[in-house]
Amino acid sequence: MERVLAAIRWLFDSERGPSDRLIPRWLFLRALGCIYFSAFFSLILQIRGLIGPAGILPAGEYLRAVAQSLGYARGVWFAPTLLWLGSGPHMPSAICWVGICASLLLVLNVWPRGMLAVCFVCFLSFVSSAQEFSSYQSDGMLLEAGFIALFFAPAGWRPGFSVGSQISRASLFLLQWEWFRIYFESGVAKIIGGDPEWRNFTAMDEYYQNGPLPTWIGWYMQHLPHWFHATTVFATLALELVLVWMFLLPRRWRIVCFFIVTPWQLGVILTANYTFLNYLVLALGFLLLDDRLLTRFLPQRWKQSLSPTKTQADGHLWATPFGGQLRVLKLSFVALMLGWIFYATTAQLIWMFSALPLPMAPVAAIEPFRIANRYGLFGIMTRGRYEIEFQGSEDGKNWVAYPFRYKPQDLNKPPGIYAPYQPRFDWNLWFASLGSWREYPMLSRTEVQLLSNNKDVLALFASNPFPNGPPRQVRAVLWQYWFTSLSEKREKGLWWRREFLGLYAPTIEREADGTLRGVEWPTVGPRE
């Protein structure tokens, strides 16, 4: 029994943790604060149009449906969000502003544990109520990292490098474990997904063109020869399935791994807009390093702050008459939560290979909180680039397009670099273009809101082509886009070429009495 207790303390008690990861912890937490800030900043500009009371998918409507279906108590667990307290026009924005303030304080190293808790609750409140607009793996990655970081961060109001507050081995390992799983599970998904493009080394041939939001650097990368793209397919699989196991090896190998995966992530950031996803993976990678390596890059005055100290940030707590009992309770809670996450993530990894009869209840119980996820990026590659475009008309014959802020639309406009900013409306339209309008209620709801010139929804677009009054009819059409060739770009200055495929969602019209009527039904068939 004593050995078991000693092992638990060794794993979960920060006082017994390693003291050579203080700089990586400091860097990771500052980076995590920046990532949280980017998430909240992008939301503050969109949230009213996405899930506000007059938005495309109102959160209040969704929560009422959840409560009616599951009951209030079960509904709160199913959708853990502060919007249960109120989902009026100001509450979603208030949550974002609180998240922005907390993330900036986290960057400034002010009460890290408290600010991490605030950021987690605020971001979870959005994710749990945003429906289609929060179905991305990147949201789960941030929530998982943010929750584990609560046990990883130092105590105190202004902890600095926190020399007196060491790191629990379990929290450090789980953050490295998340980093590993993002890579490895994505590699496994590419193999077991059955997509022949990975087996034939053609997966990258049109990757830069067909992703959610390409970049101008990706345009040039697309025009490199096939041998380059085939090489990057091999390198991707080798990195995701083999190289990342180096995180379990001794120090020298971990450092080598870091200096391989970091340039790789920087390349992905420059050639594709995957919001904050790659920035988070980049930040997690710093946990492969240690103080011995990073100290040489610090100014001399910072090195002095790393000198050992005997003070503990929360030592006063354990000095109370009940300090021993509180310490046991804290250690038990930490062991329970981190052990739970490890089981849930490991079980999901095992299930990718074999349907072993492991208990599913612990996995399902914490699923609503998105703190123990399974990942699998690009298991199936997109075969073409399709773009949905909303159009309005006064007479049903002459149609005017609603201009997007970030999605490809103007053939002369170079694709930009926007990450870590995440335009969730534009992103969701990319996913919707690969399926049917019936699978994505946001399509028809957007059309309805455009028929009334809803200002919150119109703010998601670059401008309103009908400033004097809403159009009589609205429709959503589908185009297929391709990068232009080098010669087309040189001669015409065009970045894109496109072909009209037809009507994607029903054309709707608002009658004089306010009723809505379907005018024309979609003609577009299924995509590849």
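Predicted, not measured: the structure shown is a model, and the values here were computed from it. Think of each chain on its own: its residues are numbered from 1, step by step along the sequence as written. Under the rules for a predicted model, residues below a pLDDT of 70 receive no local features and side-chain atom pairs below 80 are neither given nor counted, while totals for whole chains, interfaces and linings still include all residues. The basis for the side-chain values is all heavy atoms of the structure; hydrogens and waters are excluded.

1. Regarding the overall build of the protein
Secondary structure elements are defined from DSSP: runs of H or I of at least 4 residues count as helices, runs of E of at least 2 residues count as strands, and each element is numbered from the N terminus. When you go through the protein residue by residue, the secondary structure sums to 24 helices and five strands. With respect to the three principal axes, the spread of C-alpha positions in the protein is 80 × 55 × 55 Å. Within the protein, buried positions represent 53% of all 528 residues. Throughout, a residue-residue contact means that at least one pair of heavy atoms, one from each residue, lies within 4.5 Å. In the protein, once contacts between residues fewer than 6 apart in sequence are set aside, the share between residues at least 24 apart is 74%. Carbon together with sulfur atoms contributes 64% to the accessible area of the protein, which is approximately 23700 Å² in total. Charge counting treats Lys and Arg as positive and Asp and Glu as negative, with His and both chain ends excluded. Working definition for charges: the position is that of NZ of Lys, CZ of Arg, CG of Asp or CD of Glu. One finds the centroid of the 47 positive side-chain charges in the protein at a distance of 10 Å from the centroid of its 36 negative side-chain charges. For every residue, the accessible area (1.4 Å probe, protein chains only) is compared with the maximum for its type, and the residue is labelled buried under 20%, exposed over 50%, or partly exposed between those bounds. Throughout, the Shrake-Rupley method with a 1.4 Å probe supplies accessible areas, and for residues the shown protein chains are the sole cover considered.

2. Some remarks on the pattern of salt bridges
If the charged atoms of two oppositely charged side chains come close together, the side chains can form a pair. Any Lys or Arg side-chain nitrogen found within 4 Å of a carboxyl oxygen on Asp or Glu counts as a salt bridge. Under the definition given, this model contains 20 salt bridges. Put simply, aspartate 195 and arginine 383 hold a salt bridge, and the shortest N to O gap is 3.0 Å. Taken together, the residues span a long stretch of sequence, with aspartate 195 in the loop between α9 (169-192) and α10 (196-199) and arginine 383 in the loop between α20 (361-365) and β1 (385-393) at a distance of 188 residues. For glutamate 509, the salt bridge goes to arginine 472, with nearest N and O atoms at 2.9 Å. Of this pair, glutamate 509 sits in strand β4 (residues 496-510) while arginine 472 is found in the loop between α23 (455-458) and β3 (473-483), placing the two residues 37 residues apart along the sequence. A residue is classified by how much of its surface remains accessible, and arginine 472, at 42% relative accessible area, is partly exposed. When salt bridges with common partners are traced through the structure, they connect Asp13, Glu15, Arg16 and Arg327 into a single cluster.

3. What to know about the environment of proline 263
Mapped onto the fold, proline 263 is located in helix α14 (residues 251-271). Residue classification places proline 263 among the partly exposed positions, given a relative accessible area of 45%. With 157 residues separating them in the primary sequence, proline 263 and leucine 106 have C-alpha atoms 26 Å apart.

4. Considering unusual backbone geometry
With an omega of 10°, the peptide bond between alanine 419 and proline 420 qualifies as cis. Phi is positive for tryptophan 111, close to 40°, though the residue is something other than glycine. Here tryptophan 111 lies in the loop between α6 (91-107) and α7 (112-127). Positive phi, normally seen in glycine, also occurs at threonine 275, with a value near 50°. Owing to a relative accessible area of 1%, threonine 275 belongs among the buried residues under this scheme.

5. Regarding α14
Over its 21 residues, α14 runs 31 Å from end to end, which matches the ideal 30 Å to within 8%, given 1.5 Å per residue. Listed in full, the buried residues belonging to α14 are Arg254, Ile255, Cys257, Phe258, Val261, Thr262, Gln265, Val268, Ile269 and Thr271. Where α14 is buried, its residues touch α9, α11 (207-210), α12 (216-222), α13 (226-241), α15 (277-285) and α16 (291-294). Expected span of a helix: the number of residues minus one, times 1.5 Å.

6. Thoughts on the packing of α7 against helix α8 (residues 137-152)
Here, axes are lines fitted to C-alpha atoms. For helices the fit covers the stretch in contact, and angles between N-to-C directions go from 0 to 180 degrees. Viewed as axis vectors pointing N to C, α7 and α8 meet at an angle of 155°, and their least axial separation amounts to 9 Å. Taken together, the axes of α7 and α8 lie roughly antiparallel to each other. Once α7 is placed against α8, the crossing between them reads as left-handed. For the pair α7 and α8, the contacting residues are Arg113, Leu116, Ala117, Phe120, Phe123, Leu124 and Val127 in the first and Asp139, Leu142, Leu143, Gly146, Phe147, Ala149 and Leu150 in the second. Gly falls in the polar group here, along with every residue not listed as nonpolar (Ala, Val, Leu, Ile, Met, Phe, Trp, Tyr, Cys, Pro) or charged (Asp, Glu, Lys, Arg). Taken together, the residues of the contact of α7 with α8 break down into 11 nonpolar, one polar and two charged. Note that the term roughly parallel is reserved for angles under 35 degrees, roughly antiparallel for angles over 145, roughly perpendicular for angles of 65 to 115, and oblique for everything else. Crossing handedness follows the turn of the near helix against the far one: under a right angle anticlockwise gives a left-handed crossing, and clockwise gives a right-handed one.

7. Observations concerning the packing of aromatic side chains
What counts as a ring pair is set by centres within 6.5 Å for rings of Phe, Tyr and Trp (its six-membered ring), and what kind of pair is set by the plane angle: stacked under 30 degrees, edge-to-face over 60, tilted for all other angles. This structure, assessed with the given rule, holds 53 aromatic pairs. Ring plane angle 15° and centroid distance 6.0 Å describe the contact between tyrosine 36 and phenylalanine 40, whose orientation is recorded as stacked. Pair noted here: tyrosine 36 and phenylalanine 40 are both in helix α2 (residues 22-44), with a separation of four residues, about one helical turn. The pair tyrosine 36 / phenylalanine 40 is uniform in exposure class, with both members buried. On the numbers, 5.9 Å between centres and 25° between planes, the contact of tyrosine 136 with phenylalanine 431 is stacked.

8. Here we look at the environment of leucine 289
Here leucine 289 lies in the loop between α15 and α16. By relative accessible area, leucine 289 is classed as buried at 2%. Leucine 289 sits 164 residues away from asparagine 453 along the chain, and the two C-alpha atoms are 53 Å apart. When near neighbours in sequence (up to four residues on either side) are disregarded, leucine 289 contacts Arg21, Pro24, Ile255, Phe258 and Leu294.

9. Topic: a nonpolar patch on the surface
On the surface, Trp216, Tyr220, Leu270, Ile417 and Leu486 cluster together into a nonpolar patch covering about 460 Å² of accessible area. Looking at the secondary structure, you find leucine 270 in helix α14. Residue classification places leucine 270 among the partly exposed residues on the basis of a relative accessible area of 42%. Patch definition: residues above 30% relative accessible area lacking any salt bridge, with like charges linked at up to 9 Å and the nonpolar side chains Val, Leu, Ile, Met, Phe, Trp and Tyr linked at up to 5 Å.

10. Here we look at the confidence of the model for the protein
Confidence scores per residue from the predictor, reported as pLDDT, run from 0 to 100. Confidence in the prediction for the protein averages 93 pLDDT; 96% of positions are at 70 or higher. Predicted confidence is poor over residues 310-315, with pLDDT under 50, and the contacts of this stretch with residues over four places away or in other chains come to 10 contacts.

11. Some remarks on the sheet that holds β1
Think of it this way: DSSP has to see at least two bridges between two strands before they count as a pair. If you walk across this open sheet you meet the five strands as β2-β1-β3-β4-β5, and the pairing is antiparallel. Edge strands, defined here as strands with exactly one partner in the open sheet, are β2 (399-401) and β5 (516-520). Adjacent strand axes in the sheet meet at a mean angle of 35°, parallel and antiparallel pairs treated alike. Sheet topology note: the β4/β5 ladder contains four bridges and is antiparallel.

12. As for empty space enclosed by the protein
Sizing a probe to match a water molecule and rolling it over the atoms shows the empty space that remains. Think of a 1 Å grid over the protein atoms and nothing else: a 1.4 Å probe that fits but is trapped marks a cavity, an open set flanked by protein within 12 Å on at least five of seven lines marks a pocket, and residues with an atom within 4 Å of a point count as lining. Grid points are joined across faces, edges and corners, and a volume is the space filled by probe spheres set on the points. Considering all chains together, one arrives at one cavity of 30 Å³ or more under this definition. Considered as a void within the structure, the largest cavity measures approximately 30 Å³ in volume. Forming the walls of the largest cavity are Tyr207, Tyr208, Gly211, Pro212, Leu213, Pro214, Thr271, Ala272 and Tyr274. Here the residues of the lining of the largest cavity are counted per class, giving seven nonpolar, two polar and no charged.

13. Regarding the nonpolar core
The definition of a nonpolar core used throughout is a set of buried Ala, Val, Leu, Ile, Met, Phe, Trp, Tyr and Cys residues joined through side-chain atoms within 4.5 Å. Judged by nonpolar contacts, the single largest core of 150 residues is most densely connected at Phe28, Phe123, Trp179, Phe390, Phe425 and Leu443. With 12 residues, α9 is the largest single contributor of residues to this core. Beyond its immediate chain neighbours, meaning those up to four positions away, leucine 443 contacts Ile388, Phe390, Leu429, Ala432, Ala476 and Tyr504.

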